[in-house]
Amino acid sequence: MKKSAFVLMTLAALASTSNLAMAQASDGVLTVATIGEPPTLDVMQTPTDIVLTIDQHIFETLYTYDAQWKSVPLLAADMPTLSEDGLTYRIPLREGVIFHDGSDLDAKDVTASLNRWMAINSKGKQVADIVESLTEDGNHAIVIKLKSRYAPLLATLSQASVILPSEKIADTLTEFVGTGPYALKERKPDQYIQLVRFEDYTSPEGEVSNYAGKREAVAKEIRFVPVPDANTRVEGLISGQFDYADALPVSAYERVEQSGNAKPVIFKDAGWASMNMNMKEGLLVKKELRQAVQAALNPNDMMLAAFSDDRFFSVDASIFPESSFWHTEAGVERYGEGDPEAAAKLLEQGGYDGTPLRLMTSRQYEFHYKIGEVAKAYLEAAGFKVDLQVVDWATLTTRRADPKEWDIFITHSNFPGDPTTINTITDTYPGWYVSDQKAKAVAAYMDATTDEAKKEAWEGIQTVIYDDAPLYKVGNFNAVSGLANGVEGYEPTYWPHFWNVSPKK
């Protein structure tokens, strides 16, 4: 992999830029207040939201997500060519892409990176189990041969499976070199992470759509500043210290709006709240009693109690929101206003004997607690006895691993790019959702090779979920962040990104 003299000169100039010069160029800086210090910048090792948010500016994947959360090319030059049996994927690579160290992207970098990802990343390990071989096809294509069909492959290649120079790959990364629009310049733990514009960045083509399309490093620099306290993020935004503040409490919406210095930003359908049921031991091993829970509840009342204002939530029986390719009403049952009479009949059919239903929630996520309070009232109105157990989040995550300890726990998740990566669908996720009809529905999905076939198969999975009742979807919630006046071009996304964003002047 060759380095041009021009690129080497550019990198040397970046390295020698003084702090004074950076301060003088402050009109080209975006200062972003995040929820805290990332544990690492190795997103393969730790693919948490904060790491993904920062790393997406430095590193890129073969594919990324468009506005419908469908996988589209990023470092790949096109969608894969798929063999007739659905087992062989040939992925062409974009030519002329340069890493931050000046080397050219080629197929060896991709295979080396994906091999590391399959060795250390949880989703990568799942892919490794079904990969027969991973090889280069010349300098600008790779070939993945599978042991069996695996419909989520492109979705898994769209997140955390970042591509690094093969020479930089190690068990523990010491250099964070990618192909993204920004390069890492400095990291001072608990102070800031400084990214600078990569002048030789080669953008993908196309209209901007979520993470897809044209990427331009408009700001000269981005500084990610860890600010764990939400109120401090609010005050720093209003005072002008921050250009963007992530994850603000909904209670701060009016204060930011009325400040005159910043505006609140709502990201619609950031995630969904759910009540997960224990199918392995205890009261809810009986399907009729799980379905009684479904029939008893009123999702709108629970979400209104949790978020206070319908600007911050929506109620939708589809597991995925309307904006998603995966949105469907297929199979929806026992979801609506709450029907205590229907629930009581199901309780009778299930032989409910008055055993208290152990409903576990936490106040560290206040909306979990408020959902639990309202759920308790509706369940009791239907005839359940309810033991509402309020614990800290660490205790909840420990206790839910023991099927003897609980019947329902409340949690939340984002909407993944592929529906089969929803936690509950995994047999071993707390709740232990195992059923023959689920296994058949998931197998049909895994065998699908086109978007249309996947959509049809997902409709079958959602239908089975409503019948088996391993969980109750409460509703979708929106995320609130804040943007300083004068910052232009920002479009809210689940992992906030700042290419195509102009700093205030």
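For the structure, check the block above.
Just so it is clear, the model here is predicted, and its values are computed rather than measured.

### Here's the deal with the pattern of salt bridges
- Taken as a whole and assessed by the stated rule, the structure comprises 22 salt bridges.
- Among the salt bridges present, the one from Glu333 reaches Arg334, with a minimum N-O distance of 3.5 Å.
- On the accessibility criterion, Glu333 (37% relative accessible area) is partly exposed.
- Given the relative accessible area of 22%, Arg334 is considered partly exposed.

### Focus: the packing of aromatic side chains
- Per the stated rule, a full pass over the model turns up 25 aromatic pairs.
- Consider the rings of Trp69 and Trp495, whose centres lie 5.8 Å apart with planes at 65°: the pair is edge-to-face. With Trp69 in the loop between β2 (63-65) and β3 (71-73) and Trp495 in the segment after β17 (471-484), this pair connects stretches of sequence that are 426 residues apart. As far as the burial class goes, Trp69 and Trp495 line up, both buried.
- A centroid spacing of 5.2 Å and a plane angle of 85° characterise the contact between Tyr365 and Trp393, whose relative ring orientation is edge-to-face. Linking Tyr365 in the loop between β14 (357-361) and α12 (366-382) with Trp393 in helix α13 (residues 393-399), this pair joins segments that are 28 residues apart in sequence.

### Overview of unusual backbone geometry
- Despite not being glycine, Asn210 shows a phi value in the positive range, around 60°.
- For Asn210, the location among the structural elements is in the loop between β9 (192-197) and β10 (221-226).
- On the basis of relative accessible area, Asn210 is assigned to the buried category, the value being 16%.
- The residue Asp269 is not glycine, and still its phi comes out positive at about 55°.
- Locating Asp269 in the fold gives a position in strand β12 (residues 262-277).

### Observations regarding the layout of surface pockets
- Looking at the second largest pocket, its volume works out to about 370 Å³.
- Along its surface, the second largest pocket is lined by 22 residues, and Ser71, Met79, Leu154, Asp451 and Lys454 are the ones closest to its centre.
- Secondary-structure elements contributing two or more residues to the lining of the second largest pocket are β3, α6 (153-156) and α15 (451-468).
- With three residues, α6 is the single largest residue contributor to the lining of the second largest pocket.
- Partitioning the lining of the second largest pocket into residue classes produces 13 nonpolar, four polar and five charged.

### Things to note about empty space enclosed by the protein
- Counted under the stated rule, the structure contains four cavities of 30 Å³ or more.
- Within this model, the largest cavity holds a volume of roughly 210 Å³.
- If you trace the largest cavity, you find 18 residues lining it, with Leu52, Gln56, Thr61, Ser158 and Gln159 closest to the centre.
- Breaking the lining of the largest cavity down by element, the ones donating at least two residues are α3 (49-55) and β2.
- A class-by-class count of the residues in the lining of the largest cavity yields ten nonpolar, five polar and three charged.
- Its boundaries defined by the atoms lining it, the second largest cavity holds a volume of some 60 Å³.
- Looking at the second largest cavity, the residues that line it are Gln294, Ile319, Tyr335, Ile465, Tyr466, Leu471, Tyr472 and Lys473.
- Secondary-structure elements contributing two or more residues to the lining of the second largest cavity are α15 and β17.

### So, the side chain of Lys473
- Along the chain, the position of Lys473 falls in strand β17.
- From its side chain, Lys473 meets the backbone oxygen of Asp316 in a polar contact 3.1 Å long.
- The residues touching Lys473, leaving out its near neighbours within four places in the chain, are Trp272, Ala273, Asp316, Ala317, Ser318, Ile319 and Tyr335.

### A short note on helix α11 (residues 340-349)
- Taken as a whole, α11 has its buried residues at Ala343, Leu346 and Leu347. Each buried residue of α11 lies within a common arc of 105° when the element is viewed along its axis, so the set occupies one face. For α11, exposure combined with an orientation more than 90 degrees from the buried face picks out Glu341, Lys345, Glu348 and Gln349.

### Examining the pairing of strand β6 (residues 131-136)
- Pairing analysis gives five bridges linking β6 to strand β7 (residues 141-146), with the strands arranged antiparallel. Bridging from a neighbouring strand, Val131 pairs with Leu146 of β7.
- Where β6 folds back on β7, the antiparallel hairpin that results is connected by four residues, among which Gly138 adopts a positive phi of roughly 75°.

Rules of the game
Residues numbered from 1 in each chain as written. Predicted model: local features only at pLDDT ≥ 70, side-chain atom pairs only at ≥ 80, totals over all residues. Heavy atoms only, no water. Salt bridge = Lys/Arg side-chain N within 4 Å of Asp/Glu carboxyl O. Buried < 20%, exposed > 50% of the residue type's maximum accessible area, 1.4 Å probe, protein only. Phe/Tyr/Trp six-rings, centres within 6.5 Å; stacked < 30°, edge-to-face > 60°. Helix = DSSP H or I, 4+ residues; strand = E, 2+ residues; numbered from the N terminus. 1 Å grid on protein atoms, 1.4 Å probe; cavity = no way out; pocket = protein on both sides within 12 Å on 5 of 7 lines; lining within 4 Å. Points joined across faces, edges and corners; volume = space filled by probe spheres on them. Nonpolar A, V, L, I, M, F, W, Y, C, P; charged D, E, K, R; others polar. Polar contact = N/O pair within 3.5 Å; in protein donor to acceptor, adjacent residues only side chain to side chain. Contact = heavy atoms within 4.5 Å. Arc of directions from axis to C-beta. Pairing = 2+ DSSP bridges.

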